[in-house]
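Coordinates in review
These are the residues of each chain, in order.
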Amino acid sequence: MTTVSMAVARRMIIACYWKNVPLMLTGYPGMGKTATYESVTRELGIGFIDFRLGLKDPVDVGGMRVPDAKTGKLRHYVPDDLPDAERDGAAGIILFDEINAVAQMMQTTAYGLIQERRIGKWRMPEGWVPMAAGNNVSDRAAAQRMSTALANRFLHADVAPDLEYWVDNYGLANCPDAGISFLRFRPALFHVMPKPDEKAFPSARSWTAAFRFLDEEPALRRALIAGEVGDAAADELEGFLQIRASAVTLAEILADPKGCRLPQKDKPAVSYAVSGMLANAMTRKTAAPIIEYAGRLGPEYEVLIAHDAQKRDKSIASTSAFGAWAVRNQEVVL
């Protein structure tokens, strides 16, 4: 099956929602599959329910029959966390997260919810669409093979880690520029599956957590970050941070954008570090000197700075300096 990026997977979620087709995304742990589903529902203005089969018993999903003393019959009670139009809205996505990490009996219980959209007399509201996410069986993330009957109820997509998607949709708003710059310099470290005896490894999830410790003193910082992403990745990040500390400062650039020192061309780590710093520092007030200096760094870094800056602050695009840059670079799509 063709593997798609997270950016394409996001578009598939939207298309499948409007076509009322259950979709299942499968990929490495920690990629942000669940977060992408939730982000789409916020974009569309619809409800979202994360329905974890692994935390339930079959009776929790299939409902329970309880005697009714008045009628002498059994009444069917369904789980309270299934979609309710009055409480959850008329439309939404119910996500069966980690659906392939549960036993076959639990998978069987989900059949009716996925295809027929019902349990007993209960019917899923028409505007709600069941979807799913899971890890690869080979990733040692508790995933197991899905029954063919359950698999056949979904449209499937295998998803690959996508650094730029993460940067645009999460990193710029939530992570320090030094962390983003490092991953752009070493994109191969964005996601690395661990060896059997390793507990900490790089992923979108673990890098996001690791970057919270960048302001700690170096020795403690290295230990904390290694606990999230592993020793090798932590050592590379520490080296990058030391290089960044010796780079040209923002004050130098703002004081003399035309004449202050440039990173050496054979040291791309410094260029990435400076680019991240400038994208984070650009405001309507500082746009002119930063764009002036960015033009001296070279096209690759100049575009990164412009892209990230206007992603962080849309108003930058209305400055005269940014407008002049855009006219000179009309072929660039930000």
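Structure: above.
The following paragraphs examine the structure supplied in this document. (Residues numbered from 1 in each chain as written. Predicted model: local features only at pLDDT ≥ 70, side-chain atom pairs only at ≥ 80, totals over all residues. Heavy atoms only, no water.)

Concerning the packing of helix α11 (residues 231-245) against helix α13 (residues 268-281)
Relative to each other, α11 and α13 sit at 70°, their axes nearing to 9 Å. Comparing their axes, α13 and α11 come out roughly perpendicular. Contact with α11, carried on its side by Phe240, Ile243 and Arg244, involves Ala269, Val270, Ala273 and Met277 of α13 and no other residues of that element. Partitioned by chemical class, the residues of the contact of α11 with α13 number six nonpolar, no polar and one charged. (Axes fitted to C-alpha atoms, helices over the stretch in contact; angles between N-to-C directions. Helix = DSSP H or I, 4+ residues; strand = E, 2+ residues; numbered from the N terminus. Parallel < 35°, antiparallel > 145°, perpendicular 65-115°, else oblique. Contact = heavy atoms within 4.5 Å. Nonpolar A, V, L, I, M, F, W, Y, C, P; charged D, E, K, R; others polar.)

A look at empty space enclosed by the protein
Enumeration according to the criterion identifies two cavities of 30 Å³ or more in this entry. By volume, the largest cavity amounts to about 50 Å³. As for the largest cavity, its lining consists of Ile180, Ser181, Arg184, Tyr272, Ser275, Gly276, Leu304 and Asp308. For the lining of the largest cavity, the elements supplying multiple residues, two or more each, are α8 (177-185), α13 and α15 (299-312). Its residues placed into classes, the lining of the largest cavity shows three nonpolar, three polar and two charged. The computed volume of the second largest cavity comes to approximately 30 Å³. Lining the second largest cavity, in full, are Met282, Ile291, Ala294, Glu302, Ile305, Ala306 and Trp325. Breaking the lining of the second largest cavity down by element, the ones donating at least two residues are α14 (287-297) and α15. Residue contributions to the lining of the second largest cavity peak at three residues, all from α15. Its residues assigned to classes, the lining of the second largest cavity comprises six nonpolar, no polar and one charged. (1 Å grid on protein atoms, 1.4 Å probe; cavity = no way out; pocket = protein on both sides within 12 Å on 5 of 7 lines; lining within 4 Å. Points joined across faces, edges and corners; volume = space filled by probe spheres on them.)

Considering the layout of surface pockets
Of the pockets and cavities examined, the largest pocket occupies roughly 600 Å³. Along the walls of the largest pocket sit 27 residues, with Met31, Gly32, Lys33, Thr34 and Ala35 positioned nearest its centre. Of all the secondary structure elements, the ones that give two or more residues to the lining of the largest pocket are α2 (33-44), β9 (127-135), α7 (163-174) and α9 (204-210). Among the elements that make up the lining of the largest pocket, the one with the highest residue count is α2 (six residues). Split into classes, the residues belonging to the lining of the largest pocket amount to 11 nonpolar, 10 polar and six charged.

With respect to the sheet that holds strand β3 (residues 47-50)
Strand pairing within a sheet occurs via backbone hydrogen bonds; the two strands may be parallel or antiparallel. With parallel pairing, six strands are arranged side by side in an open sheet as β1-β10-β2-β9-β6-β3. The two strands at the open ends of the sheet, each matched to only one other strand, are β1 (3-4) and β3. Both strand β2 (residues 23-27) and β9 contribute to a ladder of four bridges, which runs parallel. Bridge assignment links methionine 24 to a residue of β9, and that residue is alanine 132. (Pairing = 2+ DSSP bridges.)

Quick notes on unusual backbone geometry
Phi is positive for asparagine 20, close to 60°, though the residue is something other than glycine. Of note, asparagine 20 is situated in the loop between α1 (6-19) and β2. Classification of asparagine 20 as partly exposed rests on a relative accessible area of 36%. Unusually for a residue other than glycine, glutamate 98 sits at a positive phi of about 50°. (Buried < 20%, exposed > 50% of the residue type's maximum accessible area, 1.4 Å probe, protein only.)

Overview of the packing of aromatic side chains
In total, this model carries 10 aromatic pairs according to the counting rule given. Between the aromatic rings of tryptophan 166 and phenylalanine 190, the centroid separation amounts to 5.7 Å while the plane-to-plane angle is 50°, which identifies the pairing as tilted. Pair noted here: tryptophan 166 is in helix α7 and phenylalanine 190 is in the loop between α8 and α9, with a separation of 24 residues, a long-range link. You'll find tryptophan 166 and phenylalanine 190 in the same group, each marked buried. Consider the rings of phenylalanine 322 and tryptophan 325, whose centres lie 5.6 Å apart with planes at 45°: the pair is tilted. Here the residue phenylalanine 322 and the residue tryptophan 325 both occupy positions in helix α16 (residues 320-328), the gap between them amounting to three residues, near one helical turn. (Phe/Tyr/Trp six-rings, centres within 6.5 Å; stacked < 30°, edge-to-face > 60°.)

Describing the side chain of glutamine 310
Within the fold, glutamine 310 resides in helix α15. One polar contact links the side chain of glutamine 310 to the main-chain carbonyl oxygen of histidine 307, over a distance of 3.4 Å. (Polar contact = N/O pair within 3.5 Å; in protein donor to acceptor, adjacent residues only side chain to side chain.)

Here's the deal with the packing of α14 against α16
Taken N-terminus to C-terminus, the directions of α14 and α16 make an angle of 30°; their axes are 8 Å apart at the nearest point. On the basis of their axis angle, the class for α14 and α16 is roughly parallel. Across the interface between the two elements, Ala287, Ala288 and Ile291 of α14 pack against Ala321, Phe322, Trp325 and Arg328 of α16.

Observations concerning the pattern of salt bridges
Per the counting criterion, the structure on display carries 13 salt bridges. Between arginine 87 and aspartate 88 there is a salt bridge; the shortest N-O distance is 2.9 Å. Judged by its relative accessible area of 43%, arginine 87 falls in the partly exposed class. Taken together, the salt bridges that share partners define one network made up of Asp50, Arg52, Asp97 and Glu98. (Salt bridge = Lys/Arg side-chain N within 4 Å of Asp/Glu carboxyl O.)

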